[in-house]
Amino acid sequence: MPSSLHLSACSPRRLGKLFLCFNIIFVGTSAPLAAAFNHARLFVPKPTLSKVQPLTNIVRAVSPLQSTQTSTKRQIGRISMGNVENNKPKKSKSKRSAIAAVALGLLAFTSSTAVANAAKTVAAAAPEAVAPLVLPTIPRLALVCLLPTLLGYYKSEYGVSYGYGTAVAASSYLILSSIANAAGLPLLPGIKESMSFAAFQPAGILASLGTTLKNVQSLLPASLPAFHAFALFFYGTRLDLFLLYREAFLARFRAMRERIEERAKKQGSRLKRTPFLLSCAFLYFCMMSPLLITSQICQGMSMACGPGLGLGGGFVSILEQSIRFSVAMALGGFLLGAFGDMNKTFGKAIQGEDALITGGIFRFFRHPNYTGEVIGWVSSCLAGFLAVTWKVVSSGSGGGRLALWKSMAPYLLLSVMGSTGISFVLSTATTGLEFRQQEKYGDTEEYQEWVKKSWVGFKMGPAQKQKEEGGESSDAGADDESK
């Protein structure tokens, strides 16, 4: 192998240039990717993009609830009974939106309240920074996002499953470790400091894990960047463990993986997967950009809320609380997805593989895993924008504001690309899953009642059947019917 392609012989700068060159070549020469972006219509006028339900509609659905009920009562006295019957679907839809909004609000409020209470307990005892914060370099993070994605050369589906979860978990761990070291609360201290044989004995590993848990317990409420990093680390680790469980114990997922692999082999050699895998790695890196923003800007900010939730401290205080809320909402969205996966996994294990799961969290959300992921990643992106805005407003007037915007502009652009990309993928998967469930259970009374009372989440227009010849994307979405 030529030395220029040997990763161990390359400097981080050369690796970064190599990764950038691959992406430039890919974007400039890959017609399939251009066609895919044209089909996705990511850069179209606002009326087309309005098909994607914005996150703010969930929050706005709460306040009009009372006025909707009052206006409905007035309509009963004004119009005939026939018209009232025609208005029932709209009322039912409003109720479903309100129930979903209240559930999301309670989830976010509970997360924020728990974090704030914990922060008040440990904030006074939080240690001062003992070392300057040294974040991982951009080439290093790019390489960490790229290497797990290369599993797609072995099994095509692995690039978007294990590669996805491992890239997020590893990248967020590196950032979390840097924050912990700067605060004097290192992760895995015994193992990292002493590479002796005794450190890897069961007793040494348990002692190191115990110290790590204590350090994390003290660090998370006292550091907003650490909390943000932990939310992403939790998501990536949880996803990998869930995928491993499905592959080890559920035969239908192993069969699904092999179907995807056989289809990928028919498309040519494994090297033809390179453009797709590089684009996936680039997407994962973009999704980590908001964490880089909060880690640089929000140093010293804790998750503790001030008196009155900060609403009486002016615009700067409101921005601070908004950042905390967004980070807590990110973790809340990832928890919602985890509860959804667990709920359906246990439900199908008890009721059977063909059972329609409508209880638990599915009583309110038809696709809580997709909905939770969209909320988590959009909230993470929002936290990055709020952090930059907070820093600009609190820095006062002068040329420093413009310099800050310019320095953060690349990170903000990558954040938008990552959030938009993953939201498009998840919304498309929701549309496909909605169609498959309707096709399979649509004639049953249980499904019809469930649809009336639950919220579909974020989807791309009306449910449509995905083409079987659509390649990896159609099969990758098919496995999520069991989620």
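Bear in mind that the values here come from a model prediction, so they are computed numbers and not experimental data.

1. Some details on the overall build of the protein
Okay, so step 1: Broken down by element type, the protein carries 18 helices and zero strands.
Okay, so step 2: Counting all 483 residues of the protein, 45% fall into the buried class.
Okay, so step 3: Contacts in the protein between residues at least 24 apart in sequence constitute 81% of all its contacts with a sequence separation of at least 6.
Okay, so step 4: Accessible surface computed for the protein: about 24,900 Å², of which carbon and sulfur atoms make up 65%.

2. Quick word on the nonpolar core
Okay, so step 1: One finds Tyr164, Ile293, Ile297, Ile323, Trp377 and Met408 to be the most contacted residues of the largest nonpolar core, which totals 72 residues.
Okay, so step 2: Within the residue set of this core, elements represented by two or more residues are α7 (138–149), α8 (162–182), α10 (202–222), α11 (224–249), α13 (274–297), α14 (314–351), α15 (368–394) and α16 (400–441).
Okay, so step 3: Sort the elements by how many residues they give to this core and α13 lands first, with 11 residues.
Okay, so step 4: Non-local contacts of Met408, meaning those with residues more than four positions away in its chain, are made with Ile293, Gln296, Ile297 and Val388.

3. Comments concerning the side chain of Ser380
Okay, so step 1: The topology assignment puts Ser380 in helix α15.
Okay, so step 2: Aside from chain neighbours lying at most four places away, what touches Ser380 is His228, Leu232, Pro290 and Ala330.

4. Quick look at the packing of α7 against α13
Okay, so step 1: Across the interface, α7 lies against α13 with an axial gap of 9 Å and an inter-helix angle of 135°. In terms of orientation, α7 and α13 fall into the oblique class. The handedness of the crossing between α7 and α13 is right-handed. Residue-level inspection shows Ile138, Leu141, Ala142, Cys145, Leu146 and Thr149 of α7 in contact with α13, the latter providing Leu277, Leu278, Cys280, Ala281, Tyr284, Phe285 and Leu292.
Okay, so step 2: Partitioned by chemical class, the residues of the contact of α7 with α13 number 12 nonpolar, one polar and no charged.

5. A short note on a nonpolar patch on the surface
Okay, so step 1: There is a patch of nonpolar side chains on the surface, built from Ile205, Leu206 and Leu209 and spanning about 260 Å² of accessible area.
Okay, so step 2: Since its relative accessible area comes to 61%, Leu206 is described here as exposed.

6. Side note on α13
Okay, so step 1: Given a rise of 1.5 Å per residue, 24 residues ought to cover 34 Å, and the 35 Å separating the end C-alpha atoms of α13 matches this to within 8%.
Okay, so step 2: Along α13, the largest kink reaches about 30° and is centred on Met288; proline Pro290 follows within four residues of it.
Okay, so step 3: Where burial is concerned, most of α13 is hidden: 19 out of the 24 residues are buried.

7. Quick look at the pattern of salt bridges
Side-chain pairs of opposite charge can arise whenever the charged atoms involved come near each other.
Okay, so step 1: Per the counting criterion, the structure on display carries 11 salt bridges.
Okay, so step 2: Lys440 is the partner of Asp354 in a salt bridge, and the nearest nitrogen-oxygen pair spans 3.4 Å. Of this pair, Asp354 sits in the loop between α14 and α15 while Lys440 sits in helix α16, and the two are 86 residues apart along the sequence.
Okay, so step 3: Glu449 is the partner of Lys452 in a salt bridge, and the nearest nitrogen-oxygen pair spans 3.9 Å. Residue Lys452 and its partner Glu449 are both found in helix α17 (residues 445–453); the two are separated by three residues, about one turn of the helix.
Okay, so step 4: The exposure class of Lys452 is partly exposed, given its relative accessible area of 46%.
Okay, so step 5: Residues joined in a network through salt bridges with shared partners are Lys155, Glu247, Arg257 and Glu258.

8. Here we look at the packing of aromatic side chains
Okay, so step 1: One pass over the full model with this rule turns up 12 aromatic pairs.
Okay, so step 2: Measuring from centroid to centroid gives 6.1 Å for Tyr447 and Trp450, while their planes differ by 65°, and the two rings are edge-to-face. Separated by three residues within a single helix, Tyr447 and Trp450 lie in helix α17, roughly one turn from each other.
Okay, so step 3: Since its relative accessible area comes to 6%, Tyr447 is described here as buried.
Okay, so step 4: Residue classification places Trp450 among the buried residues on the basis of a relative accessible area of 4%.

9. As for α7
Okay, so step 1: For α7, built from 12 residues, the straight-helix expectation of 16 Å at 1.5 Å per residue is met to within 8% by its first-to-last C-alpha distance of 17 Å.
Okay, so step 2: Considered for burial, the residues of α7 that qualify are Leu141, Ala142, Val144, Cys145, Leu146, Pro148 and Thr149.

Reading the values: rules and limits
- Residues numbered from 1 in each chain as written.
- Predicted model: local features only at pLDDT ≥ 70, side-chain atom pairs only at ≥ 80, totals over all residues.
- Heavy atoms only, no water.
- Helix = DSSP H or I, 4+ residues; strand = E, 2+ residues; numbered from the N terminus.
- Buried < 20%, exposed > 50% of the residue type's maximum accessible area, 1.4 Å probe, protein only.
- Contact = heavy atoms within 4.5 Å.
- Areas by Shrake-Rupley, 256 points an atom, 1.4 Å probe, with all protein chains shown as cover.
- Core = buried A, V, L, I, M, F, W, Y, C linked by side-chain atoms within 4.5 Å.
- Axes fitted to C-alpha atoms, helices over the stretch in contact; angles between N-to-C directions.
- Parallel < 35°, antiparallel > 145°, perpendicular 65-115°, else oblique.
- Left-handed = near helix turned anticlockwise from the far one by under 90°.
- Nonpolar A, V, L, I, M, F, W, Y, C, P; charged D, E, K, R; others polar.
- Patch = residues over 30% accessible without salt bridge, like charges linked within 9 Å, V, L, I, M, F, W, Y side chains within 5 Å.
- Salt bridge = Lys/Arg side-chain N within 4 Å of Asp/Glu carboxyl O.
- Expected span 1.5 Å × (residues − 1).
- Bend = angle between axes of the 7 residues up to and from the residue.
- Phe/Tyr/Trp six-rings, centres within 6.5 Å; stacked < 30°, edge-to-face > 60°.

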